[in-house]
Amino acid sequence: MPSRPPHPDTPVILREAAGRLDAPTRRLFLRRAAGLGTLTLLAGCDVVDGTSAERALDAMSDFNDRVQAWLFGPGRLAREYQASEITRPFPFNAFYRRGGSPEVDPGGFTLEVAGRVQEAPPWTLDRLRALPRVSQITRHICIEGWSAIGHWEGARFSDFLDRIGADARARYVTFRCADNYVTSIDMATARHPQTQLTFWFDGATLPRDYGFPMKLRVPTKLGFKNPKHIVAIEVGDEFTGGYWETYGYNWFSGL
Ligand SMILES: Nc1nc2c(c(=O)[nH]1)N[C@H]1C(S)=C(S)[C@@H](COP(=O)(O)O)O[C@H]1N2
Ligand SMILES: [Mo]
């Protein structure tokens, strides 16, 4: 990748930190910071064009996961929007075409919970939907260069982790989906106040195409870190990666 100048949105704190590094390290640092600055911009702005998203993702692809996690801790919030700003129709995306979404039978459904968790009751959909309900209108940003504002409702994921007695010191939470999609997130993101286990979309039951019976809404991450059709949740220390991560997308991909 050719070296590029720092993006104008590179936060001041990063420019200052860069001043203390030797030249080659500084170039690398600023190139990574460029991706970070642009993603910060993407998460907070109204218009996202494909070019800037692409530039951000390109620059971010080799971003050091730990540096990012350190700079932007769980306190950082994604911007929330007004109901009038919701995108309709909301775009569909998956690693297959529309019509290919899995059909999950809600009747006998129980969510599988595994790893560093205590014994939990069987998590039927009724039991999951009875968890304290939260709501968010946030922007979903896809790695392919589009974004859309949606309304998601469900349980705060940290509440769910508490109910299942998940070890908060474990490093990762992994999501396995009915279409065999997989992704995983760090524990700080899992416990972030805006990370939501979602059962309702735009005021109705989460439709099949948008992730029935449940998805994880993570507004501080790119779209591919928001698994739909979740059937199993695993808590552990072993890095599990994910579907797009296997094809080279940056595992952290967010704030
Ligand atoms: N199970 C599953 N989850 C998934 C995907 C998928 O193919 N399967 N695609 C991801 C990607 S790349 C995006 S952009 C969003 C799209 O969600 P939407 O259809 O609600 O817009 O889902 C994410 N979660
Ligand atoms: Mo995506």
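Trainee: What exactly am I supposed to notice about the overall build of the chain here?
Mentor: When helices and strands are tallied, the chain shows eight helices and 10 strands. In the chain, which comprises 255 residues, the share counted as buried stands at 50%. Long-range contacts, defined as pairs at least 24 residues apart, comprise 70% of the intrachain contacts of the chain with a sequence gap of at least 6. About 12000 Å² of surface is accessible on the chain, with carbon and sulfur atoms providing 51% of the total.

Trainee: Looking at this structure, how should I read the pattern of salt bridges?
Mentor: Opposite charge on two side chains allows them to pair when their charged atoms are near. In total, this model carries 11 salt bridges according to the counting rule given. Among the salt bridges present, the one from Arg-88 reaches Asp-202, with a minimum N-O distance of 2.8 Å. Of this pair, Arg-88 sits in the loop between helix H4 (65–71) and strand S1 (110–115) while Asp-202 is found in the loop between strand S7 (196–201) and strand S8 (204–205), placing the two residues 114 residues apart along the sequence. By relative accessible area, which is 55% here, Arg-88 ends up exposed. When the shortest N-O distance is used, the salt bridge between Asp-167 and Arg-116 registers 2.6 Å. Linking Asp-167 in the loop between helix H6 (157–163) and strand S5 (172–177) with Arg-116 in the loop between S1 and strand S2 (123–124), this pair joins segments that are 51 residues apart in sequence.

Trainee: Mind showing me how you'd approach empty space enclosed by the protein here?
Mentor: Unfilled space is identified by rolling a water-sized probe across the atoms. Going through the model one piece at a time under the given rule, you end up with two cavities of 30 Å³ or more. By volume, the largest cavity is sized at about 360 Å³. Around the largest cavity sit 24 residues that line it, and Asn-93, Ala-94, His-140, Gly-223 and Lys-228 are the ones nearest its centre. Tallied by class, residues from the lining of the largest cavity come to 16 nonpolar, four polar and four charged.

Trainee: Would you mind showing me how to read the nonpolar core here?
Mentor: In a soluble, globular protein the nonpolar side chains are often hidden away together inside. Leu-128, Phe-157, Phe-160 and Leu-197 are the most contacted members of the largest nonpolar core, which totals 29 residues. Elements supplying a minimum of two residues to this core: helix H5 (125–129), H6, S5, helix H7 (187–190), S7 and strand S10 (230–236). The contacts of Leu-128, once residues within four sequence positions are left out, are Leu-111, Trp-123, Phe-160, Leu-197, Phe-199 and Met-214. Listed in part, the eight residues of the second largest apolar core include Phe-90, Phe-92, Phe-201 and Tyr-210.

Trainee: How should I be thinking about the site of ligand 1 in this particular structure?
Mentor: Around ligand 1 there are 21 residues in total, and Pro-91, Phe-95, Asp-179, Asn-226 and Lys-228 lie nearest to it. A distance of 2.8 Å separates a nitrogen atom of ligand 1 from a polar atom in the side chain of Asp-179. Lys-228 is positioned with one of its side-chain polar atoms (N or O) 2.6 Å from an oxygen atom of ligand 1. Burial of ligand 1 by the surrounding chains reaches 99%, relative to a free accessible area of 540 Å². Spatially, ligand 1 is embedded in the largest cavity. Counted by class, the shell around ligand 1 contains 13 nonpolar, five polar and three charged residues.

Trainee: So what exactly am I meant to see when it comes to the sheet that holds S5 here?
Mentor: What links the strands of a sheet is backbone hydrogen bonding, and the strands pair in either a parallel or an antiparallel sense. Ordered in space as S2-S1-S10-S5-S6, the five strands form an open sheet in which the pairing is mixed. This sheet does not close on itself; its edge strands, each paired only once, are S2 and strand S6 (182–186). Note: S5 against S10, six bridges, orientation antiparallel. Along S10, the bridge assignment pairs Arg-176 with Ala-232.

Trainee: Would you mind going over the side chain of Asp-179 with me for this structure?
Mentor: Within the element layout of this structure, Asp-179 appears in the loop between S5 and S6. For Asp-179, which is buried and forms no salt bridge, the nearest opposite charge comes from Lys-228, at a distance of 6.8 Å. Side chain to side chain, Asp-179 and Tyr-96 meet in a polar contact 2.5 Å long. Looking at Asp-179, its side chain comes within polar contact range of the main-chain nitrogen of Tyr-181, at 3.1 Å. Apart from the residues within four sequence positions on either side, Asp-179 is in contact with Phe-95, Tyr-96, Pro-102 and His-229.

Analysis parameters
Residues numbered from 1 in each chain as written. Chains lettered and ligands numbered in written order. Predicted model: local features only at pLDDT ≥ 70, side-chain atom pairs only at ≥ 80, totals over all residues. Heavy atoms only, no water. Helix = DSSP H or I, 4+ residues; strand = E, 2+ residues; numbered from the N terminus. Buried < 20%, exposed > 50% of the residue type's maximum accessible area, 1.4 Å probe, protein only. Contact = heavy atoms within 4.5 Å. Areas by Shrake-Rupley, 256 points an atom, 1.4 Å probe, with all protein chains shown as cover. Salt bridge = Lys/Arg side-chain N within 4 Å of Asp/Glu carboxyl O. 1 Å grid on protein atoms, 1.4 Å probe; cavity = no way out; pocket = protein on both sides within 12 Å on 5 of 7 lines; lining within 4 Å. Points joined across faces, edges and corners; volume = space filled by probe spheres on them. Nonpolar A, V, L, I, M, F, W, Y, C, P; charged D, E, K, R; others polar. Core = buried A, V, L, I, M, F, W, Y, C linked by side-chain atoms within 4.5 Å. Near = heavy atom within 4 Å. Polar contact = N/O pair within 3.5 Å; in protein donor to acceptor, adjacent residues only side chain to side chain. Sits in = over half its atoms within 2 Å of the grid points. Pairing = 2+ DSSP bridges. Lys, Arg positive; Asp, Glu negative; His and termini not counted.

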